[in-house]
Amino acid sequence: MMDTDMRTIEPIVDWLVERVAFYVELPAQEIDPDVPLAELGIESVVAVSLCGEIEDRWELDLDPTVVFDYPTIADMASFIAEEDAAQHQKV
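Here is what the cut-offs are and how they apply
- Residues numbered from 1 in each chain as written.
- Predicted model: local features only at pLDDT ≥ 70, side-chain atom pairs only at ≥ 80, totals over all residues.
- Heavy atoms only, no water.
- Helix = DSSP H or I, 4+ residues; strand = E, 2+ residues; numbered from the N terminus.
- Buried < 20%, exposed > 50% of the residue type's maximum accessible area, 1.4 Å probe, protein only.
- Contact = heavy atoms within 4.5 Å.
- Areas by Shrake-Rupley, 256 points an atom, 1.4 Å probe, with all protein chains shown as cover.
- Lys, Arg positive; Asp, Glu negative; His and termini not counted.
- Charge placed at Lys NZ, Arg CZ, Asp CG, Glu CD.
- UniProt positions renumbered as here; feature names shortened; annotations may be inferred.
- Salt bridge = Lys/Arg side-chain N within 4 Å of Asp/Glu carboxyl O.
- Expected span 1.5 Å × (residues − 1).
- Arc of directions from axis to C-beta.
- Phe/Tyr/Trp six-rings, centres within 6.5 Å; stacked < 30°, edge-to-face > 60°.
- Lys NZ or Arg CZ within 6 Å of the ring centre and 35° of its normal.

## Examining the overall build of the protein
And then number 1: Of regular secondary structure, the protein possesses 5 helices and 0 strands.
And then number 2: Expressed along its principal axes, the backbone C-alpha trace of the protein runs to roughly 40 × 25 × 20 Å.
And then number 3: Taking all 91 residues of the protein together, 35% fall into the buried category.
And then number 4: Partitioning the intrachain contacts of the protein with sequence separation of at least 6 by distance along the chain shows that 57% fall at a separation of at least 24.
And then number 5: Carbon and sulfur atoms make up 50% of the accessible area of the protein, which totals about 5,700 Å².
And then number 6: Averaging the positions of the 4 positive and the 22 negative side-chain charges in the protein gives two centres separated by 9 Å.

## Comments concerning the UniProt feature "domain: Carrier" (unreviewed entry) in the protein
And then number 1: Residues given the UniProt feature "domain: Carrier" (unreviewed entry) here are residues 7-84.
And then number 2: Annotated as 68% helix and 0% strand, the span residues 7-84 places its first and last C-alpha atoms 14 Å apart.

## A few points about unusual backbone geometry
And then number 1: We note that Glu 25 has phi near 55°; this positive angle belongs to a residue other than glycine.
And then number 2: Relative to the elements of secondary structure, Glu 25 occurs in the loop between helix H1 (6-24) and helix H2 (37-40).

## So, the pattern of salt bridges
And then number 1: Across all of its chains, the model carries 1 salt bridge by this definition.
And then number 2: Glu 53 is paired through a salt bridge with Arg 19; the nearest N and O atoms lie 2.5 Å apart. Of this pair, Glu 53 sits in helix H3 (residues 44-58) while Arg 19 sits in helix H1; the two residues are 34 residues apart in sequence, bridging distant segments of the chain.

## Regarding the environment of Val 13
And then number 1: Checked against the element boundaries, Val 13 lands in helix H1.
And then number 2: Note: C-alpha distance between Val 13 and Ala 74 (61 residues apart in sequence) is 6.3 Å.
And then number 3: Those residues within four positions of Val 13 in sequence are excluded, and the remaining contacts are Pro 33, Ile 73 and Ala 77.

## Quick notes on H3
And then number 1: Given a rise of 1.5 Å per residue, 15 residues ought to cover 21 Å, and the 21 Å separating the end C-alpha atoms of H3 matches this to within 8%.
And then number 2: Looking at H3, one finds that the buried residues are Ala 47, Leu 50, Cys 51, Ile 54 and Trp 58. Buried residues in H3, looked at end-on, bunch into an arc of 105°, giving them a common side. Exposed side of H3, more than 90 degrees from the buried face: Val 45 and Asp 56 are the residues found there.

## Considerations on the packing of aromatic side chains
And then number 1: Applying the stated criterion to the full structure yields 3 aromatic pairs.
And then number 2: Taking the centre distance of 5.4 Å and the plane angle of 70° together, the rings of Phe 22 and Tyr 23 count as edge-to-face.
And then number 3: By relative accessible area, which is 23% here, Tyr 23 ends up partly exposed.
And then number 4: Seen from their ring centres, Tyr 70 and Phe 79 are 4.4 Å apart, and the 20° between their planes marks the pair as stacked.
And then number 5: In this structure Tyr 70 comes out as partly exposed when scored by relative accessible area, which is 27%.
And then number 6: Positioned above the aromatic ring of Trp 58, the side-chain terminus of Arg 57 is 4.6 Å from the ring centre.

Right, here's the structure in full:
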């Protein structure tokens, strides 16, 4: 696993918290990045939509199961940071 620091991950966590808050209709401050998305009320249809937003935002090609492979916002943010860094190293 690639090393990513909090300066890289924090804006991703913030973005994901905002998007999850939108989908579950809760204030962002009530979203805990360490709680599994399923416990927050993210269902498979929403997970696919969220995956599409992540793909658009970071120009990544992801399998929709990524939301289940990385079940929390914190896990997903680390994954996105690593994928984004790897993509930019290729360029």
